[in-house]
Each structure stands twice: as C-alpha cells, then as structure tokens.
Amino acid sequence: MYAQLRDQLKAEILQGRRAPGERLPSEAELTAHYGVSRITVRQALNDLQKEGLLVKAHGKGSFVAQPAVAQDLTRLKGLAESLGGAGRSVHGRVLGFKPVKASAEAAARLGLAKGAPVMQLQTLRYLNREALSLNHSWMPLAIGERLGRIDLANRDILSVYENELGLAVHHAELSISAALATPAQARALAVAPGSAVLQVERVVHAADGAPLHYEHTVYRSDLFSYQLTTARSAA
C-alpha cells in the first residue's frame, strides 16, 4: 500500500501536478483521503524524501523539493554570481562576525600561528526562500576589519574583495566531501538531523599567493551540486 501511495505522489510531482515548494497535505489528511494508515503514509513520504523529491520542515510538514541547481567549477565564482538570474534569487543573513583566536586548522590554512587573531564570519545563504548553505569563514584580522564596514549579507565576498577592497582574487583550493548534518546545521538548513549534506572547504588566494580567507561550507545536497566539464587530451 505504501509503495502504491509513494508512486502516485511521485508521479504527481514528476508530472508537474505538484509544484516545487508546494506543501503536501498533512499525514492525517493523506490518511483520510487515501484510506490508508498513518504508518503507510509515513513510509511513502520517507521514501520520497530519500529520493530528493520531498523536504520536511520541522513543525511545518512536507514540501515538494526545489529542483537542484549546479555551480560550475570551471571558473572561480561567488554563489550569487554563479546561481543568480534565470528566475533565481540568492541572498543571505549574517549570523556572526567577530574576532577570534585561530584554530589549528584555520591557522594552517591561512599561514598563521595557532591562536593568532582572525575574523570569523558566519552566514546563512538562501536560494529563493530555501536555506541553501551554512558558511563559516576565517580571514586575517586586517582584511576582516575592512570587511566590517560592508554589508556582507547579500554580496559575494569575492566581488567585495575586488570592488571594495581592491584585492585581486587569483585562485582557490577546493575540497568536497559528503557528510551528515549535525543538529545545529540541520536547524539552520531546515532539514532533519543526519540528512546528507555536501561539505566544501575552500582557501581563496590573492594574486601574490597570500590567503584571503579559509571557509567551511555545508550545502543541502537536495538543492545543490557542483558541475565540471573535463576533457581528455590526445595521447
């Protein structure tokens, strides 16, 4: 019974009869409408969530997932620069911006001594109305103090470096891995704890090779992916 219900709801989503972002009826409403048990409904919804067709918001219900977007890796870009346009809106919220002592990892990535003063920036980025990524960045204190005078909520930090600070962004080192959302990450991204997420670490460098910042970002894997075109050279 749950497989039949799952397949029916899946067909409605894939055929466009249920639009992205649309809230599904509650479990009680689905139980009454289809004449099945609540356990059957829950199993069907869980399967659709695992397939990435539904997202669950705690206390709000289940919603049809937005189509995933892909960021091109062939050129170094900020999130808004890469994903904005085509009817999409990328915006953010600053959760924290303060001086801290560099952890061993942040210090190593920035070429500083452990415990050296750095600025820590925490932001939550949204794609349209959906929470997309939770970002933590660490930068040398001198750069951070200059950034403190600028609205960072709705700007790509790369464009701020170039246009406001006069810093030439040259390249970045990137590491991508799979992870499970911690309770804190899950709350910020409006997903269930333990949900699959995409974990990205990046060090951005200036033209002279100096690190501008080190960042650790967690993306919702149901909404975001990376895209890269590669070629095999002739022997």
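Since the model is a prediction, treat every value here as computed from it, not as a measurement.

## Overview of the overall build of the protein chain
Turning to step 1, where the next piece is worked out: Scanning the protein chain for helices and strands turns up 8 helices and 10 strands.
Turning to step 2, where the next piece is worked out: Along the first, second and third principal axes, the C-alpha atoms of the protein chain reach 65 × 50 × 30 Å.
Turning to step 3, where the next piece is worked out: Within the protein chain, the fraction of its 235 residues that count as buried is 41%.
Turning to step 4, where the next piece is worked out: Taking the intrachain contacts of the protein chain between residues at least 6 apart in sequence as the baseline, contacts between residues at least 24 apart amount to 58%.
Turning to step 5, where the next piece is worked out: When the accessible surface of the protein chain is totalled, it reaches about 12,600 Å², and 51% of it is carbon and sulfur.
Turning to step 6, where the next piece is worked out: Of the side-chain charges in the protein chain, 27 are positive and 21 negative, and the distance between the mean point of each set is 4 Å.

## Some remarks on the pairing of strand 8 (residues 196-206)
Turning to step 1, where the next piece is worked out: A large share of strand 8 lies buried, amounting to 9 of its 11 residues.
Turning to step 2, where the next piece is worked out: Sheet topology places strand 7 (residues 169-180) next to strand 8; 11 bridges connect them, and they run antiparallel. Residue pairing in the sheet places Ser175 in a bridge with Glu201 of strand 8.
Turning to step 3, where the next piece is worked out: Taking the residues between adjacent antiparallel strands as the criterion, strand 8 and strand 9 (residues 211-220) are bridged by 4 residues, where Gly209 takes a positive phi near 90 degrees.

## Thoughts on helix 3 (residues 38-50)
Turning to step 1, where the next piece is worked out: In a regular helix each residue adds 1.5 Å, so 13 residues correspond to 18 Å; helix 3 covers 18 Å between its end C-alpha atoms and thus fits that length.
Turning to step 2, where the next piece is worked out: When helix 3 is considered as a whole, its buried residues turn out to be Thr40, Val41, Ala44, Leu45, Asp47 and Leu48. Take helix 3 and look down its axis: the buried residues cluster within an arc of 155 degrees, on one side only. Facing away from the buried surface of helix 3 by more than 90 degrees, the exposed residues are Ile39 and Lys50.
Turning to step 3, where the next piece is worked out: Buried positions along helix 3 lie against helix 1 (2-14), helix 2 (27-34), strand 1 (54-57) and strand 2 (61-64).

## Thoughts on the packing of aromatic side chains
For any pair of aromatic rings, the description consists of the separation of the ring centres together with the inter-plane angle of the planes.
Turning to step 1, where the next piece is worked out: Following the criterion strictly, the structure yields 1 aromatic pair and no others.
Turning to step 2, where the next piece is worked out: Ring centres 5.4 Å apart and planes at 20 degrees place the aromatic pair Trp138 and Tyr214 in the stacked group. With a gap of 76 residues between them, Trp138 in strand 6 (residues 130-140) and Tyr214 in strand 9 connect regions that are remote in the sequence. The residues Trp138 and Tyr214 share a single accessibility class, namely buried.

## Overview of the confidence of the model for the protein chain
Turning to step 1, where the next piece is worked out: Taken over all residues, the pLDDT of the protein chain has a mean of 87, while the share at 70 or more is 92%.
Turning to step 2, where the next piece is worked out: Of all helices and strands in the protein chain, the one with the weakest mean pLDDT is strand 3 (residues 69-72) (66), whereas helix 5 (residues 104-110) scores best (96).

## As for unusual backbone geometry
Turning to step 1, where the next piece is worked out: Residue Ala190 is not a glycine yet carries a positive backbone phi of 60 degrees.
Turning to step 2, where the next piece is worked out: Within the element layout of this structure, Ala190 appears in the loop between helix 8 (183-189) and strand 8.

Criteria and cut-off values
Residues numbered from 1 in each chain as written. Predicted model: local features only at pLDDT ≥ 70, side-chain atom pairs only at ≥ 80, totals over all residues. Heavy atoms only, no water. Helix = DSSP H or I, 4+ residues; strand = E, 2+ residues; numbered from the N terminus. Buried < 20%, exposed > 50% of the residue type's maximum accessible area, 1.4 Å probe, protein only. Contact = heavy atoms within 4.5 Å. Areas by Shrake-Rupley, 256 points an atom, 1.4 Å probe, with all protein chains shown as cover. Lys, Arg positive; Asp, Glu negative; His and termini not counted. Charge placed at Lys NZ, Arg CZ, Asp CG, Glu CD. Pairing = 2+ DSSP bridges. Expected span 1.5 Å × (residues − 1). Arc of directions from axis to C-beta. Phe/Tyr/Trp six-rings, centres within 6.5 Å; stacked < 30°, edge-to-face > 60°. pLDDT = per-residue confidence, 0-100.

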